[in-house]
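Okay, here's what each chain looks like letter by letter:
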Amino acid sequence: MRDYNGWEELFLDEFNKPYFVELKAFLEREYASKTVYPPKRLILNAFDRTSPSEVKVVILGQDPYINPRQAMGMSFSVPQGIQAPPSLENIKKEILSDTGAPSIIADGDLTPWAKQGVLLLNAVLTVVAGLSNSHKNKGWETFTDRVIEYLDGLKQPIVFLLWGANAKNKRTLLNNPGHMTLTAAHPSPLSAYNGFFGCKHFSRTNEFLISHGVEPIKW
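First, a word on scope: everything that follows refers to the structure included in this document.

## Quick word on the overall build of the chain
Inference 1: On a plain count of helices and strands, the chain comes out with eight helices and six strands.
Inference 2: Helices and strands appear in the chain in the N-to-C order α-α-β-α-β-α-α-β-β-α-β-α-β-α.
Inference 3: Against the 2.2 N^0.38 benchmark of 17 Å for 219 residues, the chain shows a C-alpha radius of gyration of 17 Å, consistent with a compact globule.
Inference 4: Considering only C-alpha atoms, the chain reaches an extent of 45 × 35 × 30 Å along its principal axes.
Inference 5: By residue count, 55% of the 219 residues in the chain fall in the buried class.
Inference 6: Counting contacts in the chain only where the partners sit at least 6 residues apart, residues at least 24 apart contribute 66% of the total.
Inference 7: Of the roughly 10,300 Å² that the chain leaves accessible, carbon and sulfur atoms contribute 52%.

## Here's the deal with helix H4 (residues 86-99)
Inference 1: In this model H4 runs 20 Å from its N-terminal to its C-terminal C-alpha over 14 residues, within 8% of the 20 Å that 1.5 Å per residue would give.
Inference 2: One or two positions beyond H4, positive phi appears at Gly100, with a value near 80 degrees.

## Here we look at helix H2 (residues 18-33)
Inference 1: When the terminal C-alpha atoms of H2 are compared, their 23 Å separation across 16 residues agrees well with the 22 Å that a helix rising 1.5 Å per residue should span.
Inference 2: Next to the buried residues of H2 lie helix H1 (8-14), strand E1 (36-37), strand E4 (127-128) and helix H6 (140-152).

## Things to note about the environment of His212
Inference 1: Tracing the sequence through the fold places His212 in the segment after helix H8 (201-211).
Inference 2: For His212 and Gln156, which are 56 residues apart along the polypeptide, the C-alpha to C-alpha distance reads 9.1 Å.
Inference 3: When residues no more than four places from it in sequence are discounted, the contact partners of His212 are Pro157 and Gly178.
Inference 4: At 3.1 Å, the side chain of His212 forms a polar contact with the side chain of Ser211.

## Focus on the pairing of strand E2 (residues 57-61)
Inference 1: The element E2 is largely enclosed, with a buried count of five among its five residues.
Inference 2: Side chains Val57, Ile59 and Gly61 project from E2 onto one buried face, and the interleaved Val58 and Leu60 project onto a second face that is buried too.
Inference 3: As judged from the five bridges shared by E2 and strand E3 (residues 118-122), these two strands associate in the parallel manner. Opposite Val58, over in E3, you have Leu119 as the bridge partner.
Inference 4: The sheet contact formed by E2 and strand E5 (residues 159-163) spans four bridges and is parallel. The residue bridging Ile59 from the neighbouring strand is Leu161, located in E5.

## Things to note about the packing of H4 against H8
Inference 1: Orientation of H4 relative to H8, taken along the N-to-C sense of each, is 60 degrees, at an axis distance of 8 Å. Accordingly, the angle class assigned to the pair H4 and H8 is oblique. Every residue of H8 that contacts H4 at Ile91, Glu94, Ile95, Asp98 and Thr99 is listed here: His201, Phe202 and Ser203.
Inference 2: Taken together, the residues of the contact of H4 with H8 break down into three nonpolar, three polar and two charged.

Definitions and cut-offs
- Residues numbered from 1 in each chain as written.
- Predicted model: local features only at pLDDT ≥ 70, side-chain atom pairs only at ≥ 80, totals over all residues.
- Heavy atoms only, no water.
- Helix = DSSP H or I, 4+ residues; strand = E, 2+ residues; numbered from the N terminus.
- Rg over C-alpha atoms; globule rule 2.2 N^0.38 Å.
- Buried < 20%, exposed > 50% of the residue type's maximum accessible area, 1.4 Å probe, protein only.
- Contact = heavy atoms within 4.5 Å.
- Areas by Shrake-Rupley, 256 points an atom, 1.4 Å probe, with all protein chains shown as cover.
- Expected span 1.5 Å × (residues − 1).
- Polar contact = N/O pair within 3.5 Å; in protein donor to acceptor, adjacent residues only side chain to side chain.
- Pairing = 2+ DSSP bridges.
- Axes fitted to C-alpha atoms, helices over the stretch in contact; angles between N-to-C directions.
- Parallel < 35°, antiparallel > 145°, perpendicular 65-115°, else oblique.
- Nonpolar A, V, L, I, M, F, W, Y, C, P; charged D, E, K, R; others polar.

Below, the structure written as structure tokens:
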């Protein structure tokens, strides 16, 4: 049986539910007949990189990148050697403006964040090449809602960063007073100047973690 990096309790319960059985069958058909991102082996990459006991921060995205070689199963992240997309460049600009120091991310691979306890979660974990939201309302949202509810029930302090309208809709799932939720516009070039730039989420996240005796994130 596959090692789910500490997520077994949640995953093995969800994987047997009717909605997920239907989702899996749908994905088998899609991967067999279309170009779908990310590669199958990377669909659960965010969970492979960050166990629940390690989670300090959750960054919620919409769905994977739709261009070749970009999607790697972690929101906003692209593989090493691939140029950072515009949204990620804007994230790095805000880090510099907010913290006064450049991001530790040299290119677009956010694995160093994941290793520190940043769960890079998309609401939908697969997409057809070139077609944003093409796997919307197929079952992934039910699964990722359960992930968010599960994390909300954990005792360690967690910061949830919800950027953009789709992510903000998840706010109703978060009720633990021991956690912090921050919302802002999406870092996309279409909206970054309408409330993402200047949000100071990176310094505010670290202030919260430090106040709870948790090592801050090296952004």
